[in-house]
Amino acid sequence: MEHTGLTHIAAPEGVTPGAGYSHVVMGSGWWVALSGQVALDERGEVVGAGDPLAQARQVFENLRRCLAAAGATFDDVVKLTYYVTDTAFLPAVREARDAFVDVERPPASTAVQVAALFRPELLVEVEAFAVLPEVAG
């Protein structure tokens with residue numbers, strides 16, 4: 001279900017349009033913050049060791065599950081932050097992301113290369129912020 005209370009601005013005046021993200025996403029409602037997710041399965045085992053695409057797919061599945069726990073979907077996400085150990089992994093991260101987000105109304109995003117994540121076999125971590133519409137009641 002699409003969050004109709006969000007406004008996406010892909011390119012504010014005087015700002016070059018982003019490739020695959022919105023520069024601004026606005027909305028009102030309940031703020032939801034998701035901790036960074038990595039490629040660990042429900043048993044805490046690494047999925048896709050050495051494979052950035054397999055890891056990114058697990059990361060986005062973990063994000064989907066966390067969003068669902070809050071009563072949210074990727075349509076409610078306003079911001080994604082990607083932490084990668086090598087920027088060469090970004091195309092794989094984008095491929096995995098595109099299976100979950102509306103590519104016509106993508107969230108705002110930031111990508112950062114880091115020296116390492118908390119376990120050496122992890123290549124990608126993604127955190128998310130979402131806004132749920134306020135429920136009358």
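Higher on the page you've got the structure.
This write-up is about the structure you can find in this document. (Residues numbered from 1 in each chain as written. Predicted model: local features only at pLDDT ≥ 70, side-chain atom pairs only at ≥ 80, totals over all residues. Heavy atoms only, no water.)

1. What about the overall build of the protein?
Phase 1 of the analysis: A tally of helices and strands in the protein yields 2 helices and 6 strands.
Phase 2 of the analysis: Secondary structure elements of the protein occur, N-terminal to C-terminal, as β-β-β-α-β-α-β-β.
Phase 3 of the analysis: For the protein, whose C-alpha radius of gyration is 15 Å, the value lies close to the compact-globule estimate of 14 Å for 137 residues.
Phase 4 of the analysis: For the protein, the spread of C-alpha atoms along the three principal axes comes to 45 × 40 × 20 Å.
Phase 5 of the analysis: Counting all 137 residues of the protein, 41% fall into the buried class.
Phase 6 of the analysis: Considering only contacts in the protein between residues 6 or more positions apart, those separated by 24 or more positions represent 73%.
Phase 7 of the analysis: On the protein, roughly 7,400 Å² of surface is accessible, and the fraction owed to carbon and sulfur atoms is 54%. (Helix = DSSP H or I, 4+ residues; strand = E, 2+ residues; numbered from the N terminus. Rg over C-alpha atoms; globule rule 2.2 N^0.38 Å. Buried < 20%, exposed > 50% of the residue type's maximum accessible area, 1.4 Å probe, protein only. Contact = heavy atoms within 4.5 Å. Areas by Shrake-Rupley, 256 points an atom, 1.4 Å probe, with all protein chains shown as cover.)

2. A few points about the pairing of strand β6 (residues 124-132)
Phase 1 of the analysis: For β6, the tally of buried residues reaches 8 of 9 residues, placing the bulk of the element in the interior.
Phase 2 of the analysis: In terms of strand pairing, strand β3 (residues 30-37) meets β6 through 6 bridges, oriented antiparallel. The partner of Trp30 across the bridge, within β6, is Leu132.
Phase 3 of the analysis: Bridge count between strand β4 (residues 77-84) and β6: 7 bridges; the pairing is antiparallel. By the bridge assignment for β6, Thr81 is matched with Glu127. (Pairing = 2+ DSSP bridges.)

3. Quick look at the environment of Phe129
Phase 1 of the analysis: Considering the arrangement of structural elements, one finds Phe129 in strand β6.
Phase 2 of the analysis: In sequence terms Phe129 and Lys79 are 50 residues apart; their C-alpha atoms lie 5.1 Å from each other.
Phase 3 of the analysis: When residues no more than four places from it in sequence are discounted, the contact partners of Phe129 are Trp31, Val32, Ala33, Asp76, Val77, Val78 and Lys79.

4. Quick look at the sheet that holds β3
Phase 1 of the analysis: Reading across from one edge, β3-β6-β4-β5 is the order of the 4 strands in this open sheet, with mixed pairing throughout. Taken across any chain shown, the strands that pair with only one partner, and hence form the sheet edges, are β3 and β5 (108-113). Between one strand axis and the next, the sheet turns through 10 degrees on average, direction left out of account.
Phase 2 of the analysis: Of the strands in this sheet, β4, β5 and β6 touch helix α2 (residues 90-98), which is tilted by about 150 degrees from β4. (Axes fitted to C-alpha atoms, helices over the stretch in contact; angles between N-to-C directions.)

5. Comments concerning helix α1 (residues 52-69)
Phase 1 of the analysis: With 18 residues, α1 extends 26 Å between its outermost C-alpha atoms, agreeing within 8% with the 26 Å of an ideal straight helix rising 1.5 Å per residue.
Phase 2 of the analysis: Taken as a whole, α1 has its buried residues at Pro52, Leu53, Gln55, Ala56, Gln58, Val59, Phe60, Glu61, Asn62, Leu63 and Leu67.
Phase 3 of the analysis: Buried residues in α1 make contact with β3, β4, α2 and β6.
Phase 4 of the analysis: Capping the start of α1 is the job of one residue whose side-chain oxygen sits 3.1 Å from the backbone nitrogen of Leu53: Asp51.
Phase 5 of the analysis: Among the residues trailing α1, Gly71 stands out with phi positive, at a value near 75 degrees. (Expected span 1.5 Å × (residues − 1). Polar contact = N/O pair within 3.5 Å; in protein donor to acceptor, adjacent residues only side chain to side chain.)

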